[in-house]
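What follows is each chain in one-letter form.
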Amino acid sequence: MRLLNKVAVVTGGTSGIGEATAILFAKEGASVAITGRNLERGGHVRDTIVRTGGTAIFVATDVRKAEDCRRAIDQTVSAFARVDILFNNAGVFYPHTALDCSEEEWDEQIDVSLKGTFLMSKFALPEMIRGGSGVIINNSSGWGMVGGDSAVAYCAAKGGVVLLTKAMAIDHGRQGIRVNCICPGDVDTPMLPEDARMRGLEWQTYLAGCANRPLGRIGTADEIAKAVLFLASDDSSFMTGAALVVDGGGIAD
């Protein structure tokens, strides 16, 4: 129960890493506000938590829109009185180079991953400052640390998340707020087979390429969620401004 009596907001909490993290946070004692654009999946994650004895709400949110982000924080405070933890997890991915990336796809990837992280933090920070403490965890990527093929907008967005994390850590450390980011590698979520499809690769061929790393496999959403829990809990009490890579050794190879 490392998050007992804490209140956590998880963006993009309707599937994949966000869903696994929301469920794990609830098991560890947190009241969880799940945000996302898919109402059906959001309701499903909320109900899963409640059925197992946890406490959760779902707030339909498009993190690209300031008013949606403000409303997500306001509804969390209305339901649970405060915000202790924010996991900025929402993100999208389209595999393109600078030559074939459309302006629309560029904007969507930057707006969801980078602008969304900024906006949710902007509205959560006053609540944390008021309470004298807080933790923000941003979901970057291994490709936020190094380049990746056919991922120009994604790399730009996730690289921006790493430096946004460091800047916020400097600005708000004296207010009792820690800001770190998680940098996953390839993880078994719905985004991965969609990437394979968009690249025109058979799933097994795609997986074989992912296995070319020290641990020889892709990760699971639960494995990433455990790392996010570490950053959210007092186990990481002397960490801020850090980028924690959890990728099976992918960028070390």
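See the structure shown above.
Predicted model, so just to flag it, every value in this text is computed and none were measured.

Caption draft 1: Main features of helix 3 (residues 66–80). In this model helix 3 runs 21 Å from its N-terminal to its C-terminal C-alpha over 15 residues, within 8% of the 21 Å that 1.5 Å per residue would give. Those residues of helix 3 that fall on the buried side of the exposure criterion are Asp68, Cys69, Ala72, Ile73, Thr76 and Phe80. Burial along helix 3 is one-sided: seen end-on, the buried residues are contained in an arc of 135°. Turned more than 90 degrees away from the buried face of helix 3 sit Glu67 and Ser78, all of them exposed. Elements that come into contact with the buried residues of helix 3 comprise strand 1 (7–10), strand 2 (31–36), strand 3 (55–60) and helix 4 (103–131). Where helix 3 ends, the next residue or the one after it, Ala81, has phi of about 80°, a positive value.

Caption draft 2: Structural view of the environment of Asp68. Residue placement: Asp68 occurs in helix 3. Accessibility expressed as a relative area gives 16% for Asp68, which makes it buried. Through-space distance from the C-alpha of Asp68 to that of Met120 is 9.1 Å; in sequence the pair is 52 residues apart. Sequence-distant contacts of Asp68, defined by excluding residues within four places in its chain, comprise Ala60, Thr61 and Asp62.

Caption draft 3: Highlighting the packing of aromatic side chains. Applying the stated criterion across every chain, the model contains two aromatic pairs. Centre to centre, the rings of Phe93 and Tyr154 are 4.8 Å apart; their planes meet at 85°, and the pair counts as edge-to-face. With Phe93 in the loop between strand 4 (85–88) and helix 4 and Tyr154 in helix 5 (residues 152–172), the pair connects residues that are 61 residues apart, well separated along the chain. No difference in accessibility class separates Phe93 from Tyr154, as the two residues are buried.

Caption draft 4: Spatial organisation of the pairing of strand 2. In terms of residue burial, strand 2 counts as a mostly covered element, since six of its six residues are buried. Pairing of strand 1 with strand 2, which is carried by four bridges, proceeds in the parallel orientation. Paired with Val10 across the two strands is Ile34, which belongs to strand 2. As for the winding sense of the linkage, the β-α-β connection from strand 1 through helix 1 (residues 16–27) to strand 2 is right-handed. Note that strand 2 and strand 3 share six bridges and pair parallel. In the sheet register, Val32 faces strand 3, and the bridge partner there is Ala56. You can see the chain leave strand 2, run along helix 2 (residues 39–51) and come back into strand 3, and the turn it takes is right-handed.

Caption draft 5: Expanded view of the pattern of salt bridges. All told, the structure shown has 13 salt bridges when counted by the stated rule. One salt bridge in this structure joins Asp186 and Arg213, with 2.9 Å as the shortest N-O distance. Taken together, the residues span a long stretch of sequence, with Asp186 in the loop between strand 6 (177–184) and strand 7 (187–188) and Arg213 in the loop between helix 7 (203–210) and strand 8 (219–220) at a distance of 27 residues. Under the relative-accessibility criterion, Arg213 is labelled buried at 15%.

Caption draft 6: Representation of the side chain of His172 in the model. Considering the arrangement of structural elements, one finds His172 in helix 5. Of the residues examined, His172 reaches a relative accessible area of 15% and is grouped as buried.

The rules we used
- Residues numbered from 1 in each chain as written.
- Predicted model: local features only at pLDDT ≥ 70, side-chain atom pairs only at ≥ 80, totals over all residues.
- Heavy atoms only, no water.
- Helix = DSSP H or I, 4+ residues; strand = E, 2+ residues; numbered from the N terminus.
- Expected span 1.5 Å × (residues − 1).
- Buried < 20%, exposed > 50% of the residue type's maximum accessible area, 1.4 Å probe, protein only.
- Arc of directions from axis to C-beta.
- Contact = heavy atoms within 4.5 Å.
- Phe/Tyr/Trp six-rings, centres within 6.5 Å; stacked < 30°, edge-to-face > 60°.
- Pairing = 2+ DSSP bridges.
- Right-handed = clockwise from strand over helix to strand, strands pointing away.
- Salt bridge = Lys/Arg side-chain N within 4 Å of Asp/Glu carboxyl O.

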